[in-house]
Amino acid sequence: MAKGEGSESGSAAGLLPPSILQAGERPTQVKKEPKKKQQLSICNKLCYAVGGAPYQVTGCALGFFLQIYLLDVAQVDPFSASIILFVGRAWDAFTDPLVGFCISKSSWTRLGRLMPWIIFSTPLAIIAYFLIWFVPDFPQGHASLFLWYLLFYCLFQTLVTCFHVPYSALTMFISTEQSERDSATAYRMTVEVLGTVLGTAIQGQIVGQADTPCLQDPSGSAVASEGANRTHSTTSLRKTQNAYLLAAGVIASIYVFCAVILVLGVREQREPYETQQAEPLSFFRGLRLVMSHGPYVKLIAGFLFTSLAFMLVEGNFALFCTYTLGFRNEFQNLLLAIMLSATLTIPVWQWFLTRFGKKTAVYVGISSAVPFLILVAVMESNLVVTYVVAVAAGISVAAAFLLPWSMLPDVIDNFHLKHPHSHGTEPIFFSFYVFFTKFASGISLGISTLSLDFAGYRTRGCSQPARVRFTLKMLVTMAPIVLILLGLLLFKLYPIDEERRRQNKKALQALREEASSSGCSDTDSTELASIL
């Protein structure tokens, strides 16, 4: 719809040629139908939204706690931990397009095309998740320990992808109305941020009750009673390991509960014009079309940098609070403050993007994190100020959560107008967006953990050298600021503003109405597609 500027003032029916609209009753005929069909109840939206919690609860626990768990609880050396984090995230990224390919080849069943993936991946995913947080009885530094975490981390990432890619693509199949999808997405983002709150609260509070042991600097005076300290340290370490297992069990239960609600409460809908196409689009042809679609490329490029910024903060926040700010027993509460603030401001951002547009919401919402990151970089360690910054940062986190998933359906609508007979591409859109984000986050986590190794990170140290503390400060403040600014510059190129979005909505509605009308021939459909 790049040429549709003048269509805003006309009706949707004006886009259709007279040969198709011979009997003037056809637009009136269909005008009544769609609104009744596509209205989603609050119950439908809540059931759909609850399905987003498993990915966020587990992702939040892994994102915030896996690095410090591998280093200080499982006692994996920093270099091996960096490989586990990088390979796990990179593998996770590659499984997204792979699962997207498999879904695009899936046929529709009684449960739909996406739901079977969600149902069958859930039980295996929770087993793999639990085993990530289990410390096997292998010698410290042994290769078996490294392989254990690498195997189960990669396995879980594969299985959770089999849940999350079809769930993300489900956005396009719960309704054909943009407003209904945007509303359902706002519900989803609210529940997902609540999921991160749950993940942070459960993992943080349960693990926080255990006294994670640390080893004093060998050059200090605390080495006199080494034998007694080692016995106490071993006992405390075992309690910490059990706390991680308990948290994993609680989170696994939430995963199952949310998956059941999603499956029972949501029904997939097929597009009317999709059923007219006998031959499904091949994956590789669909991939070529998707990756050559300009608005999509510009959108994922912008969000690639902004997502990477927030992931750097997420991955290093626990270590930053523990060693740079010196709040060893407070970081789980600071995380909770960020996530609660984000949860409460999701409805505000939904109102803001409806009132002022999605591009404006991107600039205002994501850039609002920059002043607070600068404040963290320059201030001395102060708990009260840190809590204020955490609450303010949560506002920006809410925007970063909501906006990508609210804008992707607009890009897909724009694609459908240009390629009205290319159906089945939704999983490709969602899976490759997640692919680029995860691959970049894998690189960032691997490089950040490797940077700590080069800076001289001491496993289970009560304190860290000045170089480690400085490295953590750069990873949590200056690097994210640079990435956010680069992302916002790229968003200047994104072409779908509010006017274009309204034009797309009218033209797409006309296409749906024509496909739904009983008298539409194949020739008419082809003519309609070429006009649109």
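Rules and cut-offs
Residues numbered from 1 in each chain as written. Predicted model: local features only at pLDDT ≥ 70, side-chain atom pairs only at ≥ 80, totals over all residues. Heavy atoms only, no water. Helix = DSSP H or I, 4+ residues; strand = E, 2+ residues; numbered from the N terminus. Buried < 20%, exposed > 50% of the residue type's maximum accessible area, 1.4 Å probe, protein only. Contact = heavy atoms within 4.5 Å. Salt bridge = Lys/Arg side-chain N within 4 Å of Asp/Glu carboxyl O. Expected span 1.5 Å × (residues − 1). Core = buried A, V, L, I, M, F, W, Y, C linked by side-chain atoms within 4.5 Å. Patch = residues over 30% accessible without salt bridge, like charges linked within 9 Å, V, L, I, M, F, W, Y side chains within 5 Å. Areas by Shrake-Rupley, 256 points an atom, 1.4 Å probe, with all protein chains shown as cover. Axes fitted to C-alpha atoms, helices over the stretch in contact; angles between N-to-C directions. Parallel < 35°, antiparallel > 145°, perpendicular 65-115°, else oblique. Left-handed = near helix turned anticlockwise from the far one by under 90°. Phe/Tyr/Trp six-rings, centres within 6.5 Å; stacked < 30°, edge-to-face > 60°. Lys NZ or Arg CZ within 6 Å of the ring centre and 35° of its normal. Polar contact = N/O pair within 3.5 Å; in protein donor to acceptor, adjacent residues only side chain to side chain. Nonpolar A, V, L, I, M, F, W, Y, C, P; charged D, E, K, R; others polar. pLDDT = per-residue confidence, 0-100.

This brings us to the overall build of the protein. The secondary structure content of the protein amounts to 19 helices and 0 strands. Here the protein holds 532 residues, and 58% of them are scored as buried. Partitioning the contacts of the protein with sequence separation of at least 6, the portion at a separation of at least 24 is 85%.

In this structure the tally under the stated criterion is 5 salt bridges. Among the ionic pairs, lysine 45 bridges to glutamate 180, the shortest N-O distance being 3.7 Å. Of this pair, lysine 45 sits in helix H2 (residues 42–50) while glutamate 180 is found in helix H8 (residues 178–209), placing the two residues 135 residues apart along the sequence. Each of the two residues, lysine 45 as well as glutamate 180, counts as buried. In this structure, the salt-bridge partner of arginine 501 is glutamate 498, at a minimum N-O distance of 3.0 Å. Linking arginine 501 with glutamate 498, this pair stays in helix H18 (residues 498–516), spanning 3 residues, or about one helical turn. By relative accessible area, arginine 501 is classed as buried at 14%. Bridged by salt links that share partners, the residues Lys358, Asp410, Glu498 and Arg501 form one connected network.

Turning our eyes to something else, we now look at helix H16 (residues 426–455). For H16, with 30 residues, the first-to-last C-alpha span of 44 Å sits near the 44 Å given by 1.5 Å per residue. Burial analysis of H16 places 22 of its 30 residues in the buried class, which makes it a mostly covered element. Following H16 by one or two positions, glycine 456 has its phi on the positive side, about 100°.

A few words on the nonpolar core. Tyr69, Trp133, Tyr149 and Leu170 are the most contacted members of the largest nonpolar core, which totals 150 residues. For this core, the element with the highest residue contribution is helix H6 (residues 143–169), accounting for 16 residues. In this structure, leucine 170 is in contact with Tyr48, Leu114, Met115, Leu262, Val266 and Glu268, ignoring residues within four places of it in sequence.

A few words on a nonpolar patch on the surface. Among the surface-exposed residues, Phe86, Val87, Ile443 and Ile447 lie close enough to one another that they form a single nonpolar patch of about 290 Å² accessible area. Listing elements by their share of the nonpolar patch, those giving two or more residues are helix H4 (78–105) and H16.

It is worth spelling out the packing of helix H3 (residues 53–72) against H6 at this point. Taken N-terminus to C-terminus, the directions of H3 and H6 make an angle of 160°; their axes are 11 Å apart at the nearest point. Relative to H6, the element H3 is oriented roughly antiparallel. For the crossing formed where H3 meets H6, the hand is left-handed. Contacts between H3 and H6 involve Pro54, Tyr55, Thr58, Leu62, Leu66, Tyr69 and Leu70 on the former and, on the latter, Tyr149, Tyr153, Phe156, Val160, Phe163 and His164.

Applying the stated criterion across every chain yields a total of 19 aromatic pairs. An aromatic cluster of three or more residues is present, and its members are Tyr69, Tyr129, Trp133, Tyr149, Phe156 and Tyr244. Taking NZ or CZ as reference, arginine 355 lies 5.0 Å from the ring centre of phenylalanine 356, over its face.

Topologically, serine 121 is positioned in helix H5 (residues 115–132). There is a polar contact of 3.4 Å between the side chain of serine 121 and the backbone oxygen of isoleucine 118.

Now for the side chain of glutamate 192. Its place among the elements puts glutamate 192 in helix H8. Assessed through its relative accessible area of 0%, glutamate 192 is described here as buried. In this view, glutamate 192 contacts Gly52, Gln56, Tyr167 and Phe401; residues no more than four positions away in its chain are not counted.

Turning our eyes to something else, we now look at helix H15 (residues 383–418). For H15, which comprises 36 residues, the first-to-last C-alpha distance of 53 Å matches the rise-based estimate of 52 Å (1.5 Å per residue) to within 8%. Burial analysis of H15 places 26 of its 36 residues in the buried class, which makes it a mostly covered element. Between the side-chain oxygen of the N-cap and the backbone nitrogen of valine 384 there are 3.1 Å, and the N-cap of H15 in question is asparagine 382.

The packing of two helices is summarised by the inter-axis angle and the distance between the axes. H15 packs onto helix H13 (residues 358–367) with a crossing angle of 155° between their chain directions and a minimal axis gap of 9 Å. When the axes of H13 and H15 are compared, the pair comes out roughly antiparallel. Crossing handedness for the pair H13 and H15: left-handed. Between H13 and H15, the contacting residues are Lys358, Ala361, Val362, Gly365 and Ile366 on the first element and Ser396, Ala399, Leu403, Ser406, Met407 and Asp410 on the second. Of the residues belonging to the contact of H13 with H15, the class tally is 6 nonpolar, 3 polar and 2 charged.

Quick look at the confidence of the model for the protein now. When the pLDDT values of the protein are averaged, the result is 77; 81% of them are 70 or greater. Here helix H19 (residues 522–531) stands out as the least confident element of the protein, with mean pLDDT 40; H5 is the most confident, with 92. Predicted confidence is poor over residues 1–37, with pLDDT under 50, and the contacts of this stretch with residues over four places away or in other chains come to 53 contacts. Note that residues 218–232 has pLDDT below 50 and, in this model, 3 contacts with residues that lie over four places away or in other chains.

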